[in-house]
Amino acid sequence: MPRHPESLLSLTDFNGGPLAADLARKTFDDLLERHGYVLMSNVPESFDPVAFCKGLGGFVPQYTGVLVGDVRPEPGMEEFYHAGNTKPLYPHSEGYDFEGLPPRYLALWCQTPNTGAGGETTLADAHAWIASLDEDDRAFLRERVWSWETTDAMRHLGLDLHPRHPVIEDHPDGTIVRYSFNNLVREDDPRIGPLLDSAREFFAREHTAIQYQRRDMLVFDNWRMLHARTAFTDIGRHLRRIQIAHLEAA
Ligand SMILES: [Fe+2]
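All of the points below concern the structure found in this document. Everything numeric here is computed off the predicted structure, so don't read it as measured data.

1. Focus on the coordination of the iron ion
Right, on to step 1. Within the protein, His92 (NE2), Glu94 (OE) and His227 (NE2) serve as the donor atoms for the iron ion, at 2.0 to 2.2 Å.
Right, on to step 2. Donor residues for the iron ion sit on one chain with the sequence pattern H-x1-E-x132-H.

2. Some details on the nonpolar core
Right, on to step 1. Trp129, Leu141, Trp146, Val167, Leu184 and Ile192 are the most contacted members of the largest nonpolar core, which has 24 residues in total.
Right, on to step 2. Secondary-structure elements contributing two or more residues to this core are helix H3 (126-131), helix H4 (135-143), helix H6 (192-206) and strand E14 (225-229).
Right, on to step 3. Broken down by element, the residue count for this core peaks at six residues, all from H6.
Right, on to step 4. Discounting chain neighbours no more than four positions away, the residues touching Leu184 are Trp146, Ser147, Trp148, Val167, Ile192 and Leu196.
Right, on to step 5. Counting 22 residues, the second largest nonpolar core, distinct from the first, contains Leu9, Leu32, Phe59 and Ala107.

3. Observations concerning the side chain of Ser147
Right, on to step 1. For Ser147, the location among the structural elements is in strand E8 (residues 146-147).
Right, on to step 2. Residue classification places Ser147 among the buried positions, given a relative accessible area of 15%.
Right, on to step 3. A distance of 3.0 Å separates a polar atom in the side chain of Ser147 from a polar atom in the side chain of Arg164.
Right, on to step 4. Setting aside residues up to four positions removed in sequence, Ser147 forms contacts with Pro163, Arg164, Asn183, Leu184, Val185 and Glu187.

4. Here we look at the side chain of Thr208
Right, on to step 1. Following the sequence through the fold, Thr208 ends up in strand E12 (residues 208-210).
Right, on to step 2. Residue Thr208 is classed as buried on the basis of its relative accessible area, which comes to 8%.

5. Section: the sheet that holds E12
Right, on to step 1. In space, the four strands of this open sheet follow the order E5-E14-E7-E12, with antiparallel pairing throughout. Edge positions in the open sheet fall to strand E5 (89-92) and E12, since each of these has one partner strand only. For this sheet, the mean inter-axis angle between neighbouring strands, taken without regard to orientation, is 20°.
Right, on to step 2. The pairing of strand E7 (residues 121-125) with E12 spans three bridges and is antiparallel. Following the sheet pairing, Thr122 is matched in E12 by Ala209.
Right, on to step 3. Sheet strands in contact with H6 are E5, E7, E12 and E14, and its direction is about 115° off that of E7.

6. Notes on H4
Right, on to step 1. Within the span of H4, buried status applies to Asp137, Arg138, Phe140 and Leu141. Along H4, the residues classed as buried sweep out an arc of 160° about the axis, all on the same side. H4 presents Glu135 and Glu143 as exposed residues on the side facing more than 90 degrees away from its buried surface.
Right, on to step 2. Where H4 is buried, its residues touch H3, E8, strand E10 (168-171) and H6.

7. Concerning H6
Right, on to step 1. Relative to the 21 Å expected for 15 residues at 1.5 Å per residue, H6 spans 21 Å between its end C-alpha atoms, a close match to the ideal helical length.
Right, on to step 2. Among the residues making up H6, those that are buried are Ile192, Gly193, Leu195, Leu196, Ser198, Ala199, Phe202 and Phe203.
Right, on to step 3. The elements touched by buried residues of H6 are E5, E7, H3, H4, E8 and E14.

Conventions used here
- Residues numbered from 1 in each chain as written.
- Predicted model: local features only at pLDDT ≥ 70, side-chain atom pairs only at ≥ 80, totals over all residues.
- Heavy atoms only, no water.
- Donors = N, O, S within 2.8 Å, 3.2 Å for Na, K, Ca; no water.
- Core = buried A, V, L, I, M, F, W, Y, C linked by side-chain atoms within 4.5 Å.
- Buried < 20%, exposed > 50% of the residue type's maximum accessible area, 1.4 Å probe, protein only.
- Helix = DSSP H or I, 4+ residues; strand = E, 2+ residues; numbered from the N terminus.
- Contact = heavy atoms within 4.5 Å.
- Polar contact = N/O pair within 3.5 Å; in protein donor to acceptor, adjacent residues only side chain to side chain.
- Pairing = 2+ DSSP bridges.
- Axes fitted to C-alpha atoms, helices over the stretch in contact; angles between N-to-C directions.
- Arc of directions from axis to C-beta.
- Expected span 1.5 Å × (residues − 1).

Given below as structure tokens:
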């Protein structure tokens, strides 16, 4: 059974007013550090999600160039593996197909929640996954560099990306885990399949499932957490989305 989120921040205080912005940010930082994600709920109408994200770092353009994207079913995308339909998404890290660093944070907030079952964002801690591996498997995932492909939906839009990265990359500000079950090019290496399976099994066992209320906002550390989505039926579901770059320590 999926876990319920425990890293929860109410943006409305115990008196029913908006939580002070500086206090909200401090609690947010503490929760993010501890859990790798924060789900902000009871979000007052006065809350500005784009301004909040600006406080976390610069925005990384999405595939089409937009900085604030939409995640909702789009016509013509039903047959693809793509966020713009109602199908499930498998566990992955965002931006494994970028040439450089993947976005540090991903923010998703709910404009229109879906009715009916599904439509949950699911999350699990990839640092806990790599900690569960044997030392020599971790070394293999650090040392071996792979080609990564973009999804067929992005190829359909004219983007064909082939960056090269290891699965685990040590950065001075944290360990980056890149993961895609289907878009890492395995090159007939017999060792990688079972490791990719192990991440998928870890995710299936350990994930937290998030069902959004209107204006709820999820932010997670994309170097640490894998994410996925469950299928849904209500085509009115509408999230908005920002990718936030890593802010180099001054
Ligand atoms: Fe994603």
